[in-house]
Amino acid sequence: MLLLLIAFVGGVLTVISPCVLPVLPVLLSGTVGGKARPAGIIVGFVGSFVVLTLFLSTLVSALNLSPDAVRWGAVALLFVFGLTLAVPALQLRFEVLAARVVPHRVATGNSKGGDGFGGGLLVGLTLGLVWTPCVGPILASVTTLALSGQVTAFAVAVTLAYALGVALPMLAIMRGGRAMLKRVPALMGNLSRIQQTFGVVLAVFAVGMAFGLDRAAQTFIVERVPYVQRLTFLEETDSVREQLEQQAP
């Protein structure tokens, strides 16, 4: 229970860390679009992060893929989604596709259309694929277990606790952003342009990922911002270390 609690708190602290800045545009895209988009992003993120943390090495081995294949897939998905936001014609086509996967009212988040749960799910899946900032000792231990082929109940529970810890403040950020848009008439009047701007930002972010700029930014932040290393202080206590040693393969 101690490790689960610390893993959850560690996830919360990750979101307020400067390490999250390189992927912030992906998260903020949840402030525009249908009402169901934030929920879609959370579901997609938690699902993809947990599965990939626990089974990435198994999937790569079973499918005979390059270790970077998943990352390149995330780059492509993010770029395509950015284009769907930036180009209205592509957005309409995406709405039709999303409506085939999930019920139209759920996919759009409202009865008038828009990119809601379906679009958010795609963004969340992509976010889970690229989420690597400031991983502390607990999640590092889980990753070691997964790489050794030991996906235990402990590994599943801790990974899920960490993902939920990340997801809750994510949801608060997106809900807060949407509330701010509703309270500022000037922003609501230009919502379509704001959405297109987010689309361009996401597409540019995907291009930056293709050149490794997100990883370079994360490394720079970890090395240059002193308090980043201290965010894992709870995970470095003696009691946590003892329990992690008991779980070691």
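Conventions we followed
Residues numbered from 1 in each chain as written. Predicted model: local features only at pLDDT ≥ 70, side-chain atom pairs only at ≥ 80, totals over all residues. Heavy atoms only, no water. Helix = DSSP H or I, 4+ residues; strand = E, 2+ residues; numbered from the N terminus. Buried < 20%, exposed > 50% of the residue type's maximum accessible area, 1.4 Å probe, protein only. Contact = heavy atoms within 4.5 Å. Core = buried A, V, L, I, M, F, W, Y, C linked by side-chain atoms within 4.5 Å. Salt bridge = Lys/Arg side-chain N within 4 Å of Asp/Glu carboxyl O. Expected span 1.5 Å × (residues − 1). pLDDT = per-residue confidence, 0-100. Axes fitted to C-alpha atoms, helices over the stretch in contact; angles between N-to-C directions. Parallel < 35°, antiparallel > 145°, perpendicular 65-115°, else oblique. Left-handed = near helix turned anticlockwise from the far one by under 90°. Nonpolar A, V, L, I, M, F, W, Y, C, P; charged D, E, K, R; others polar. Patch = residues over 30% accessible without salt bridge, like charges linked within 9 Å, V, L, I, M, F, W, Y side chains within 5 Å. Areas by Shrake-Rupley, 256 points an atom, 1.4 Å probe, with all protein chains shown as cover. Bend = angle between axes of the 7 residues up to and from the residue. Polar contact = N/O pair within 3.5 Å; in protein donor to acceptor, adjacent residues only side chain to side chain.

This part takes up the overall build of the protein chain. Tallying secondary structure elements over the protein chain gives 13 helices and zero strands in all. Going from N to C terminus, the protein chain has its helices and strands arranged as α-α-α-α-α-α-α-α-α-α-α-α-α. The burial tally for the protein chain puts 46% of its 249 residues in the buried class. In the protein chain, the share of contacts with a sequence separation of at least 24, taken over all contacts with a separation of at least 6, comes to 81%.

Time to look at the nonpolar core. One recurring pattern in soluble globular proteins: nonpolar side chains tend to sit buried together. In terms of nonpolar packing, the biggest core is built from 40 residues, with F45, L127, W131 and M170 touching the most fellow members. Taken together, the elements giving at least two residues each to this core come down to α1 (2-15), α2 (24-28), α3 (37-63), α4 (69-86), α7 (117-130), α8 (137-147), α9 (153-183) and α11 (191-210). When residues in this core are grouped by element, the largest group, 10 residues, is from α9. In contact with W131, not counting residues within four places along its chain, are T14, V20, V23, F45, F49, Y162, V166 and M170.

The next thing to look at is the pattern of salt bridges. Throughout the structure, instances matching the rule amount to one salt bridge. Measuring nitrogen to oxygen at the nearest pair gives 2.6 Å for the salt bridge that ties R71 to D214. One end of the pair, R71, is in helix α4; the other, D214, is in helix α12 (residues 213-224), and 143 residues separate them in sequence. By the burial criterion, R71 is buried, and D214 matches it.

Attention shifts here to α4. The terminal C-alpha atoms of α4, which comprises 18 residues, lie 26 Å apart, in line with the 26 Å expected from a rise of 1.5 Å per residue. Those residues of α4 that fall on the buried side of the exposure criterion are R71, A74, V75, L78, F81, G82, T84, L85 and A86.

Time to look at the confidence of the model for the protein chain. Summing up the model confidence of the protein chain, the mean pLDDT is 75 and the portion of residues at 70 or higher is 74%. Taking the mean pLDDT of every element in the protein chain, the minimum, 43, falls on helix α6 (residues 104-108) and the maximum, 85, on α9. Confidence drops under a pLDDT of 50 for residues 104-114, and excluding neighbours within four residues, the segment shows 29 contacts in the predicted structure.

Following both chains from N to C, one finds α3 and α9 inclined at 155 degrees, their axes separated by 9 Å at the closest point. Taken together, the axes of α3 and α9 are roughly antiparallel relative to one another. Relative to α9, the crossing made by α3 is right-handed. A breakdown of the residues in the contact of α3 with α9 according to their chemical character gives 19 nonpolar, two polar and one charged.

At their nearest, the axes of α3 and α7 sit 6 Å apart, and the two run at 35 degrees to each other. Once α3 is placed against α7, the crossing between them reads as right-handed. Together, R37, A39, G40, I41, V43, G44, F45, S48, F49 and L52 of α3 and F117, G120, L121, V123, G124, L125, L127, G128 and L129 of α7 make up the contact between the two elements. Looking at side-chain class alone, the contact of α3 with α7 contains 12 nonpolar, six polar and one charged residues.

A cluster of nonpolar side chains, contributed by F79, V80, L83, V87, L90, V207, F211 and L213, occupies part of the molecular surface with about 680 Å² of accessible area. With three residues, the top contributor of residues to the nonpolar patch is α4. Among the secondary structure elements, L83 is positioned in helix α4. Residue L83 is classed as partly exposed on the basis of its relative accessible area, which comes to 30%.

So, about α3. The end-to-end C-alpha separation of α3 is 31 Å, well short of the 39 Å expected for 27 residues at 1.5 Å each. Roughly 70 degrees is the biggest bend found in α3, and it falls at F55.

With respect to the helices and strands, T159 occurs in helix α9. Given the relative accessible area of 0%, T159 is considered buried. At 2.7 Å, the side chain of T159 and the backbone oxygen of A155 are in polar contact. Not counting the four nearest positions on each side in its chain, T159 is found in contact with F49, V50, T53, L54, L139 and V142.

What follows covers the environment of V156. Here V156 lies in helix α9. In this structure the C-alpha to C-alpha distance between V156 and T53, which are 103 residues apart in sequence, comes to 9.3 Å. Excluding residues that lie within four positions of it along the chain, V156 makes contacts with L54 and V151.

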